[in-house]
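Listed below are the residues making up each chain.
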Amino acid sequence: MTRRFVAGADRRYTGSDPVASEGVRGMQGGVQDRQNRQDSQDRNDGDAGADPRALGLCPERLGRIDGWMDRLVAEGKLAGLSVTVSRRGGTAYARAAGRADLARGTPFTEDTLTRIYSMTKPLTSVMVMMLYEEGRFQLDDPVARFLPEFSEMRVLTGGNRNKFDSEPARRPITIRDLLTHTSGLTYGFMEATLVDELYRRNGVDFHQPEATLAEVVGRVARLPLLSQPGEQWNYSVATDVLGHLVAVVTGRDFAEVLRERVIRPLGMVDTDFFVPPEKLPRLAANYTLFRDRSLKLYDDSVDTPYARPPAIASGGGGLVSTAADYLRFCRFILGGGALDGVRLLGRKTVALMLANQLPGDLASMGTPRFAESSYTGIGFGLGFSVMLDPVRAQILGSPGEVAWGGVASTAFWIDPAEDMAVVLLTQLVPSSALPIRRELRVLTYAALVD
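As the structure is a computational prediction, the values presented were derived from the model and not from experiment.

## Considerations on the sheet that holds strand β3 (residues 106-107)
Next, step 1: Spatially, β3-β2-β1-β16-β15-β14-β13-β12 is the arrangement adopted by the eight strands of the open sheet, whose pairing is antiparallel. Across the chains shown, the open sheet's two edge strands, defined by having one partner strand only, are β3 and β12 (378-380).
Next, step 2: Taken together, the four bridges between strand β14 (residues 402-405) and strand β15 (residues 411-415) define a ladder with antiparallel strand orientation. Note that in β15 the partner of G405 across the bridge is A411.
Next, step 3: Sitting on the sheet, helix α11 (residues 323-334) touches β1 (80-87), β2 (90-101), β15 and β16 (420-426), and the angle it makes with β16 is about 155°.

## Topic: the pairing of β15
Next, step 1: Across the five residues of β15, five count as buried, placing the element largely inside the fold.
Next, step 2: Burial along β15 is two-sided: A411, W413 and D415 facing one way and F412 and I414 facing the other are all buried.
Next, step 3: In this structure, the hairpin formed by β14 and β15 is closed by a connection of five residues, where S409 is found at a positive phi of approximately 75°.
Next, step 4: As judged from the five bridges shared by β15 and β16, these two strands associate in the antiparallel manner. What sits directly across from F412, in β16, is V423.
Next, step 5: Here β15 hands over to β16 after four residues, with D419 in that stretch at a positive phi of 50°.

## A word on the nonpolar core
Soluble globular proteins tend to bury their nonpolar side chains together.
Next, step 1: Residues F150 and F329 are the most contacted members of the largest nonpolar core, which totals 95 residues.
Next, step 2: Formed by 30 residues, the second largest nonpolar core is a distinct cluster that contains V83, Y93, L289 and L424.

## So, α11
Next, step 1: In this model, α11 (twelve residues) spans 16 Å end to end at C-alpha, consistent with the 16 Å of a helix rising 1.5 Å per residue.
Next, step 2: Within α11, eleven of the twelve residues are buried, which leaves it mostly tucked inside the rest of the structure.
Next, step 3: When α11 is considered as a whole, its buried residues turn out to be A323, A324, D325, Y326, L327, R328, F329, C330, R331, F332 and I333.
Next, step 4: Downstream of α11 by one or two residues, G336 has phi in the positive range, about 70°.

## Overview of unusual backbone geometry
Next, step 1: Geometrically, the link from V429 to P430 is a cis peptide bond, its omega value of -5° lying close to zero.
Next, step 2: Here P430 lies in the loop between β17 (428-429) and α14 (436-445).
Next, step 3: In this structure, R88 takes a positive phi of about 50° despite not being glycine.

## Here's the deal with helix α7 (residues 194-201)
Next, step 1: Of all eight residues in α7, six are buried, a share of seventy percent or more.
Next, step 2: Turning to α7, its buried residues are L194, V195, D196, E197, L198 and Y199.
Next, step 3: The inward-facing, buried residues of α7 abut β5 (154-159), β6 (164-168) and α8 (213-221).
Next, step 4: Looking at where α7 begins, the residue whose side-chain oxygen comes 3.3 Å from the main-chain nitrogen of V195 is T193.
Next, step 5: In the stretch just after α7, G203 is the one whose phi turns positive, near 75°.

## With respect to the sheet that holds strand β7 (residues 286-289)
Next, step 1: Ordered by their spatial adjacency, three strands build an open sheet running β8-β7-β17, and the pairing between neighbours is mixed. Either end of the sheet is taken by a strand with one partner, and the two such strands are β8 (295-299) and β17.
Next, step 2: Sheet analysis places β7 next to β8, joined by four bridges and oriented antiparallel. Counted as the bridge partner of N286 is D299 from β8.

## Brief notes about the packing of aromatic side chains
Next, step 1: Tallied over the full model, the rule gives 14 aromatic pairs.
Next, step 2: Ring centres 6.0 Å apart and planes at 75° place the aromatic pair F137 and F146 in the edge-to-face group. No difference in accessibility class separates F137 from F146, as the two residues are buried.
Next, step 3: A cation sits over an aromatic face here: K296 above F290, 5.7 Å from the ring centre.

## Here we look at the side chain of Q208
Next, step 1: Counting through the fold element by element, Q208 comes out in the loop between α7 and α8.
Next, step 2: Judged by its relative accessible area of 16%, Q208 is buried.
Next, step 3: Within the structure, the side chain of Q208 is placed 2.8 Å from the backbone oxygen of D205, a separation counted as a polar contact.
Next, step 4: Within the structure, Q208 has its side chain in polar contact with the side chain of R219 (distance 3.4 Å).
Next, step 5: Discounting chain neighbours no more than four positions away, the residues touching Q208 are G203, V216, R219, A311 and I312.

Analysis parameters
Residues numbered from 1 in each chain as written. Predicted model: local features only at pLDDT ≥ 70, side-chain atom pairs only at ≥ 80, totals over all residues. Heavy atoms only, no water. Pairing = 2+ DSSP bridges. Helix = DSSP H or I, 4+ residues; strand = E, 2+ residues; numbered from the N terminus. Contact = heavy atoms within 4.5 Å. Axes fitted to C-alpha atoms, helices over the stretch in contact; angles between N-to-C directions. Buried < 20%, exposed > 50% of the residue type's maximum accessible area, 1.4 Å probe, protein only. Core = buried A, V, L, I, M, F, W, Y, C linked by side-chain atoms within 4.5 Å. Expected span 1.5 Å × (residues − 1). Polar contact = N/O pair within 3.5 Å; in protein donor to acceptor, adjacent residues only side chain to side chain. Phe/Tyr/Trp six-rings, centres within 6.5 Å; stacked < 30°, edge-to-face > 60°. Lys NZ or Arg CZ within 6 Å of the ring centre and 35° of its normal.

As structure tokens, this is what we get:
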């Protein structure tokens, strides 16, 4: 595979391909996998060797990313990472550094597979909007029209773990509420409210090995809401509920629908809910940063649940992907719903997805809790955060830029005003451990000269 590091030829990775050196693939599977990867790379590489200057970016300033990446690895803060910067349809920067697996010494490369967790949500949201375009529902339809278990929701008003008080929801949860995280649902891992605890106690976990998507969504519907629908922004399992909505509306398995209608048409050849045996040597290990600031293994690269199909395909956080694949998704959004002649959404639908759906920013919609975004100066569209005011957000960016990330510190942002996309992949839990997203924003935006 050709590796493109246009910021400086002296910084190329020249080590052996870990897949080949591990020697674990069968001949047929290995050849096909390499061909699929090459086909995907070729589709991304109409710009191969593009001069950053021709894309309005300064090569020397982009080169600062190299030192930043190398310091993170040398200081033991990250095992490895990759950064890809695309502008005006060309790839201006693509580099990987460090190790995908510290114990095995596997290099982190551009085709390393990573758990992208909540970066799954935008793909699920695209699938929902494709059904919307087909007239299957309206965004303000109650979700209970398709999922009757959400018909008579109640909202927590007080109490404790043994007995809680609630009141009836003043209006139904709509599909728009789920897309914008204003449904009143939450996440159990937040550990901030009584509803969070009820989620944990009642098995609301879309990564458990012994349950179905319908069963876990049913558990969600039996528990009280954290707030009245539409009144607060709370990061939540809403996108997993949307995955079940897709399954019910289409009458098919959610994972198969997403593969057939979004992942494969976009040429995302390495993106799936699990890693097949022939690709497993490319999966990175996942780490966490302990209090002593040392990296500890969180999920192995071989002995991992991702080595087999999951019981539940989590539309909110279940996919594994590569830098090349996710860049294709970003270019699809920048293309107004089309990529390489394949159109999945109309341009007006994409424009609606990228528009802030809230009356203000996230900070105006409730008490800030964990999210893959800051709250001030940031709104939320239909599946993405939306930059409203870089000054209030206290970070470089453009109004209208959309973004999100995953709990293993992965991130992406798409800036239509600059015709630019950035993909950051690494494997460090939680995403709040290091400010690497904000640091990379400064480095990439500072390289813009035209």
